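The chain contents come next:
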Amino acid sequence: MSSMKEITKKYSNGDITILWKPKMCIHAGECVKRLPKVYNPKARPWIQIENATTQELKNQVNACPSGALSLELKVDNEPRKNETKIKVEALENGPLLVYGTLNVINSDGSREERKRATAFCRCGASHNKPYCDGAHVEAKFKA
């Protein structure tokens, strides 16, 4: 992975801010399927946060399989989940999803912490290894 800083885009309504990291996105489309009035890839900006409630946004972001979407809350009174548990899920014909807090050491020796869900490439075609960039679709990866 390159040492260049990862781009993070922010969309806020004052109470909640959605953070989107494009390089982490595997384009599974869960955001568009769950909240099409909020997420429209053809619109600019593509996230219209004002078109859903805070709870709807929280539910959708928590369903993001890659962790490309995350939240910042103005006041977060929810108890923190125990982040020591790790869950691993192999998506059919797609990436390996690892849920939990991970310390990743990249091939260039750089280190980064990943929280919630991280999508790792299984097909070998990603241009963002070790992470999935959705290249498995074009590569017609089967597993």
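Here the structure is a predicted model, which means the values were calculated and not measured.

Looking at chain direction, strand 1 (residues 9-12) and strand 2 (residues 16-20) are connected through 4 bridges and run antiparallel. From the neighbouring strand, Ser-12 faces strand 2, where its bridge partner is Thr-17. In this structure, the hairpin formed by strand 1 and strand 2 is closed by a connection of 3 residues, where Gly-14 is found at a positive phi of approximately 100°.

Let us look at the nonpolar core. Across soluble globular proteins, nonpolar side chains show a tendency to be buried alongside one another. In this structure, Ile-18, Trp-20, Tyr-39, Ile-47, Leu-57 and Leu-69 are the most contacted members of the largest nonpolar core, which totals 19 residues. Those residues in contact with Ile-47 that sit more than four places away from it in its chain are Tyr-11, Ile-18, Trp-20, Val-38, Tyr-39 and Leu-69. Grouped together as the second largest cluster of nonpolar side chains are 5 residues, Val-98, Val-104, Phe-120 and Tyr-131 included.

Moving on to the packing of aromatic side chains. One pass over the structure, following the stated rule, counts 3 aromatic pairs. Between Trp-20 and Trp-46, the aromatic rings sit 4.9 Å apart at their centres with planes inclined by 65°, giving edge-to-face as the arrangement. Taken together, the residues Trp-20 in strand 2 and Trp-46 in the loop between helix 1 (30-34) and helix 2 (54-62) connect sequence positions 26 residues apart. On the basis of relative accessibility, which here comes to 13%, the residue Trp-20 falls in the buried class. Seen in terms of ring centroids, Tyr-39 and Trp-46 are 5.5 Å apart; in terms of plane orientation they differ by 50°. Their pairing is tilted. In this pair, the class of Tyr-39 matches that of Trp-46, namely buried. Here the aromatic residues Trp-20, Tyr-39 and Trp-46 are joined through ring pairs into a cluster of three or more. Between the NZ or CZ atom of Lys-87 and the centre of the ring of Tyr-99, over which it lies, the distance is 4.9 Å. In this arrangement the basic side chain of Arg-114 is found over the ring face of Tyr-131, its NZ or CZ atom lying 4.0 Å from the centre.

A few words now on the pattern of salt bridges. The full count for this structure, using the stated rule, is 4 salt bridges. Between Lys-10 and Glu-72 there is a salt bridge, and its shortest N-O distance comes to 3.8 Å. Linking Lys-10 in strand 1 with Glu-72 in strand 3 (residues 69-73), this pair joins segments that are 62 residues apart in sequence. On the basis of relative accessibility, which here comes to 53%, the residue Lys-10 falls in the exposed class. Judged by its relative accessible area of 36%, Glu-72 falls in the partly exposed class. A salt bridge links Arg-34 to Glu-30, with the nearest nitrogen and oxygen atoms 3.1 Å apart.

The subject of this paragraph is helix 2. Along helix 2, the positions that sit buried rather than exposed are Leu-57, Lys-58, Gln-60 and Val-61. One side of helix 2 carries all its buried residues, which in axial view fall inside an arc of 170°. Its buried side turned inward, helix 2 meets strand 2, helix 1 and strand 3.

How each quantity is defined
- Residues numbered from 1 in each chain as written.
- Predicted model: local features only at pLDDT ≥ 70, side-chain atom pairs only at ≥ 80, totals over all residues.
- Heavy atoms only, no water.
- Pairing = 2+ DSSP bridges.
- Helix = DSSP H or I, 4+ residues; strand = E, 2+ residues; numbered from the N terminus.
- Core = buried A, V, L, I, M, F, W, Y, C linked by side-chain atoms within 4.5 Å.
- Buried < 20%, exposed > 50% of the residue type's maximum accessible area, 1.4 Å probe, protein only.
- Contact = heavy atoms within 4.5 Å.
- Phe/Tyr/Trp six-rings, centres within 6.5 Å; stacked < 30°, edge-to-face > 60°.
- Lys NZ or Arg CZ within 6 Å of the ring centre and 35° of its normal.
- Salt bridge = Lys/Arg side-chain N within 4 Å of Asp/Glu carboxyl O.
- Arc of directions from axis to C-beta.

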